[in-house]
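Each chain, written out:
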Amino acid sequence: MRIFTRSLKTQFIEAFTLLILLSSCFLAAITGREASSEARYERGLLLTNRVQSLAKALDQSMWFWIKEVDTLRHTVGLIGGDMKKLSIAVNRLQDTMPAFAWIGLMNPQGKVFVATDGVLEGTDLSICAIFRQGKNGLFVGDVRKASLLAQLLPHPENGPLKFVDISMPIGEGELKDWVLVAHLSWAWAREVEEFILSGEGSDTNTKIMVLGADGSVILGGDNNEKPLALPLLQELEHSTSAWAVETWPDGIAYLTAAVSCTGFKDYDGLQWSVVARQSLDAAYEPVRRLVARILVAGLLLAVLFALVAGYIAQRTIAPLKALTAAADRLSRGESVTIPRNRGIREIEVLSASLSTLVENLTRTEKDRNRIQHTAERDALTGLLNRHGLAARIEEAMPSLMQNQGLVELLYMDLDGFKPINDAHGHHVGDAVLTILGQRLTRCLRKDDVLVRLGGDEFLALLGHTRGTPDILRTINRIREDVGAPISIDGLMLRIGISIGHATWHCANESVEDALKRADSELYMAKRMSKASQEVL
């Protein structure tokens, strides 16, 4: 009978454990698939936005250099035929702007009369595109392999020179038909490349490159890297940006985003494109962590339910054991009374009683949690309110005192919220506050605390328990995320934010004093913002 009893108990435990494990695996699979799709979409958009910013910066940089050459063109027109003054002017611009490797002035026949450091003076460049197209107006060309200049100009790197030509006619004065030419050098290319590779949010899992119109790698890759033939690049013929999971020449699939450089203002661009790729391991890392948590929680639940199943099995076979003992005594000829099968009914009653008790306890706990949540949480955004802030600080104070005792306070106030609330109604204002509360939460670390103080005022507390927080980067991320457009009921709204920062030394001052300092910093920030707007 002991073998039978143990076997029945084992079956209960195995059934409950298998049920929980299967349910956990099923939930992890469904959640992982949905989360992977959402993570891929979100990461794709984030990567595209970053590449768009870099492409815009690249076009704006080129437009700036074009304007510098245009300024020199006007200066040359005013100087006229004084070759000595012209030489001084072009060399002075090169000294001021080292990114210009060479600047030359060609006569109507294409002969170089004046050039920086005398390079190529007297040389006939009439067959070159910089002269032929520059005579008719602004010409910007991608000539990354300039062999003639490569022999004459200093170059500290072993790879091929990377040039961009800018030429335009003088168009005025006695040098009206002359052509001004400037070459942006490897130094400019290196500056752009360093900007791209060291931009905000760069990491070792992301690689960014600038491609020419033929797909060749201009910046961000090796000098011997072959032109890329990604299917994603073909989509740029119909759209300015695109992203997808692409297999690269190394045979590995990456999350890839591409954006075409379309120019800036009157500069039409060089048909370059900026491409970024991110490893799928980095893109799906949050999903893997989520699935791992579900599986661990399922394993813990399986252990818990196995214990419960063993207890239930033990209680279930107790009447059978009583009947077995009575039968055994009866087989030995003893006078016994066969027990009535009241054990099952008692177990049922007890089970019902325990179930009712558990329900009551659960209901009571839920009521207590709901009351506490209502008291400590903001009804609109779900963030902590002032009461919740006080409770959280009191709870965390012993831990703060054991560590560094430092907390960074960010006192935040929305700019332009009241006009939106007045113009579009409180329902739009409430929706804006809810969305911005979610955005602010995403800008903070998991252990940081976000509080809605009331109205359009928020407070963030960044602790030092997990390393010193990067306050400047956090503030910049908050301003960027909050300033992003908000779409509500067909309206496209924009909100600004002013931030006051103060460090709270928990052992030396009260939180109220620290909040006053942060509030003062907020007041100064709003005054500076207002003064800046008035100047503009």
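Thresholds, definitions, all that
Residues numbered from 1 in each chain as written. Predicted model: local features only at pLDDT ≥ 70, side-chain atom pairs only at ≥ 80, totals over all residues. Heavy atoms only, no water. Core = buried A, V, L, I, M, F, W, Y, C linked by side-chain atoms within 4.5 Å. Buried < 20%, exposed > 50% of the residue type's maximum accessible area, 1.4 Å probe, protein only. Contact = heavy atoms within 4.5 Å. Salt bridge = Lys/Arg side-chain N within 4 Å of Asp/Glu carboxyl O. Helix = DSSP H or I, 4+ residues; strand = E, 2+ residues; numbered from the N terminus. Pairing = 2+ DSSP bridges. Phe/Tyr/Trp six-rings, centres within 6.5 Å; stacked < 30°, edge-to-face > 60°. Axes fitted to C-alpha atoms, helices over the stretch in contact; angles between N-to-C directions.

(A) Region of interest: the nonpolar core. In terms of nonpolar packing, the biggest core is built from 44 residues, with Met62, Phe100, Leu105 and Val274 touching the most fellow members. Ignoring anything within four residues of it in the chain, the contact list for phenylalanine 100 reads Trp65, Glu68, Val69, Leu93, Gln94, Ala182, His183 and Leu184. One finds Cys443, Phe458, Ala460 and Leu493 within the second-largest nonpolar core, a separate group that totals 27 residues.

(B) The pattern of salt bridges, seen in detail. Counted according to the given criterion, the structure contains eight salt bridges. A salt bridge links lysine 67 to aspartate 266; the nearest nitrogen and oxygen atoms lie 3.1 Å apart. Of this pair, lysine 67 sits in helix H1 (residues 2-79) while aspartate 266 sits in the loop between strand E9 (253-260) and strand E10 (273-279), and the two are 199 residues apart along the sequence. Look at aspartate 266 and you get partly exposed, because its relative accessible area is 47%. With a closest N to O distance of 2.9 Å, aspartate 70 and arginine 73 form a salt bridge.

(C) Molecular detail of the pairing of strand E11 (residues 406-415). With nine of 10 residues buried, E11 lies mostly within the body of the structure. Here 10 bridges tie E11 to strand E16 (residues 496-505), and the two strands are oriented antiparallel to one another. Looking at E16, one finds that glutamate 408 is bridged to threonine 503. In this structure, E11 lies alongside strand E13 (residues 457-463), joined through seven bridges in antiparallel fashion.

(D) Just the packing of aromatic side chains, in detail. For the structure on display, the rule yields five aromatic pairs. Seen from their ring centres, tryptophan 63 and phenylalanine 264 are 5.3 Å apart, and the 80 degrees between their planes marks the pair as edge-to-face. Pair noted here: tryptophan 63 is in helix H1 and phenylalanine 264 is in the loop between E9 and E10, with a separation of 201 residues, a long-range link. Overall, phenylalanine 264 belongs to the partly exposed group, its relative accessible area being 21%.

(E) Spatial organisation of the sheet that holds strand E1 (residues 100-106). Sheet architecture is open: five strands sit in the order E2-E1-E5-E4-E3, paired in antiparallel fashion. Where the open sheet ends on each side, the last strands, each with one partner, are strand E2 (112-115) and strand E3 (139-142). With strand direction ignored, the average angle separating the axes of adjacent strands in the sheet is 20 degrees. Bridge analysis of E1 against E2 gives three bridges, and the strand direction is antiparallel. From the neighbouring strand, glycine 104 faces E2, where its bridge partner is alanine 115. Taken strand by strand, helix H2 (residues 83-96) contacts E1 and E2, and its axis lies near 160 degrees from that of E1.

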